[in-house]
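Each chain, written out:
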Amino acid sequence: MSQPLRQMLPAELLGAPGARRSARDWLVDVTLWLLALGLGILVVATAGETHSAGLWVLDVAGGLAALVALWWRRKRPAAVAALAIGAGVVSGLAGGAALVALFNLAIRGSRRAVLWGMAGSVAGSAVYPLIYPQDSAYWVEIALGALFTVLCVGWGLFVRAQRD
């Protein structure tokens, strides 16, 4: 196989343990990171008026930690998902990172870890609107959180099945 075509394969499929990221891996990682950042900014923008000064610091610190942790999502999917989902409970900026980490956990994690990640995500969807109340009904917030959780996990499991 020619070198340009090899670069378009995920490093995991090249068969070398501990292989460096391919060009495709870098493209996917950067795209998912930018998506997580954009989603996090969107969530913060919708709840920005409910933030106090202390909550702003907590939101930004949690969001940055979750976004930075995404770079290790391939090697430690359960740990990154736990950090991002936990930060997403109090940080809107971490919300996008939590969805990306949950998607990655569905691809690479054990069944038990995926179930724990889903439970944590839905629980976080129930707590976040209590900290940052919105104009919409509380049950709508929980339903949206559950919907996004199911979509991310379902999509991740589909990708996992395609790889297997």
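Here goes a summary of the coordinates provided. Residue numbers here run from 1 along each chain, matching the order of that chain's written sequence. Thresholds applied to this predicted model are a pLDDT of at least 70 for local features of residues and 80 or more for the giving and counting of side-chain atom pairs; totals over whole chains, interfaces and linings are not thresholded and use all residues. Note that water and hydrogens are dropped before the side-chain values are worked out from all heavy atoms of the structure.

Numbering of helices and strands runs from the N terminus, with a helix taken as a DSSP run of H or I at least four residues long and a strand as a DSSP run of E at least two residues long. Residue position: L70 is located in the loop between helix 3 (53–69) and helix 4 (77–90). Given the relative accessible area of 5%, L70 is considered buried. C-alpha separation for the pair L70 and V80, spaced 10 residues apart in sequence, amounts to 6.6 Å. Under the scheme applied here, a residue whose accessible area is under 20% of the maximum for its type counts as buried, over 50% as exposed, and between as partly exposed, the area being computed with a 1.4 Å probe on protein chains only.

Our next topic: the layout of surface pockets. Both cavities and pockets are sets of points on a 1 Å grid over the protein atoms alone; in a cavity a 1.4 Å probe fits but cannot get out, in a pocket the set is open with protein on both sides within 12 Å along at least five of seven lines, and lining residues sit with an atom within 4 Å of a point. Grid points are joined across faces, edges and corners, and a volume is the space filled by probe spheres set on the points. Put simply, the largest pocket is a space of about 850 Å³. Taken together, 34 residues form the lining of the largest pocket, with V43, G95, L99, G145 and F148 sitting closest to its centre. Elements that contribute at least two residues to the lining of the largest pocket include exactly helix 2 (23–47), helix 4, helix 5 (95–108), helix 6 (111–131) and helix 7 (138–163). Tallying contributions element by element places helix 7 first for the lining of the largest pocket, with eight residues. Basically, the charged four are Asp, Glu, Lys and Arg, the nonpolar ten are Ala, Val, Leu, Ile, Met, Phe, Trp, Tyr, Cys and Pro, and anything else, Gly included, counts as polar. Here the lining of the largest pocket is composed, by residue class, of 19 nonpolar, 14 polar and one charged.

As a further point, take the nonpolar core. Among the nonpolar cores identified, the biggest contains 29 residues, and L70 and A97 are the most heavily contacted of them. At the level of secondary structure, the elements contributing two or more residues to this core comprise helix 2, helix 3, helix 4, helix 5, helix 6 and helix 7. Broken down by element, this core gets its largest block of residues, 10 residues, from helix 5. What is meant by a nonpolar core is a set of buried Ala, Val, Leu, Ile, Met, Phe, Trp, Tyr and Cys residues, joined one to another through side-chain atoms within 4.5 Å.

Let us now look at the packing of helix 2 against helix 3. With their axes 11 Å apart at the nearest point, helix 2 and helix 3 run at an angle of 165° to one another. With respect to helix 3, the element helix 2 is oriented roughly antiparallel. You can see that helix 2 and helix 3 cross each other, and the crossing is right-handed. Across from W33, A36, L37 and V44 in helix 2, the residues of helix 3 making contact are W56, D59 and L67. In terms of residue class, the contact of helix 2 with helix 3 is made up of six nonpolar, no polar and one charged. Only the stretch in contact is used when fitting a helix axis, every axis being a line fitted to C-alpha atoms; angles between N-to-C directions are given from 0 to 180 degrees. For classification purposes, angles smaller than 35 degrees are called roughly parallel, those larger than 145 roughly antiparallel, those between 65 and 115 roughly perpendicular, and all remaining angles oblique. Here a crossing is taken to be left-handed if its near helix is turned anticlockwise relative to the far helix by less than a right angle, and right-handed if that turn runs clockwise. Residues count as neighbours in contact if any of their non-hydrogen atoms are within 4.5 Å of one another.

Before going further, it helps to spend a moment on empty space enclosed by the protein. All told, the structure shown has one cavity of 30 Å³ or more when counted by the stated rule. Empty space within the largest cavity amounts to approximately 40 Å³. What lines the largest cavity is D29, L32, W33, L70, W71, R73 and V100. Broken down by element, the lining of the largest cavity gets its largest block of residues, three residues, from helix 2. Looking at side-chain class alone, the lining of the largest cavity contains five nonpolar, no polar and two charged residues.

The next point concerns the environment of Q134. You can see Q134 is positioned in the loop between helix 6 and helix 7. Residue classification places Q134 among the partly exposed residues on the basis of a relative accessible area of 26%. Separated by 85 residues in sequence, Q134 and E49 have C-alpha atoms that sit 9.7 Å apart. If near-sequence neighbours (up to four positions away) are discounted, Q134 is found in contact with T46, A47 and E141.

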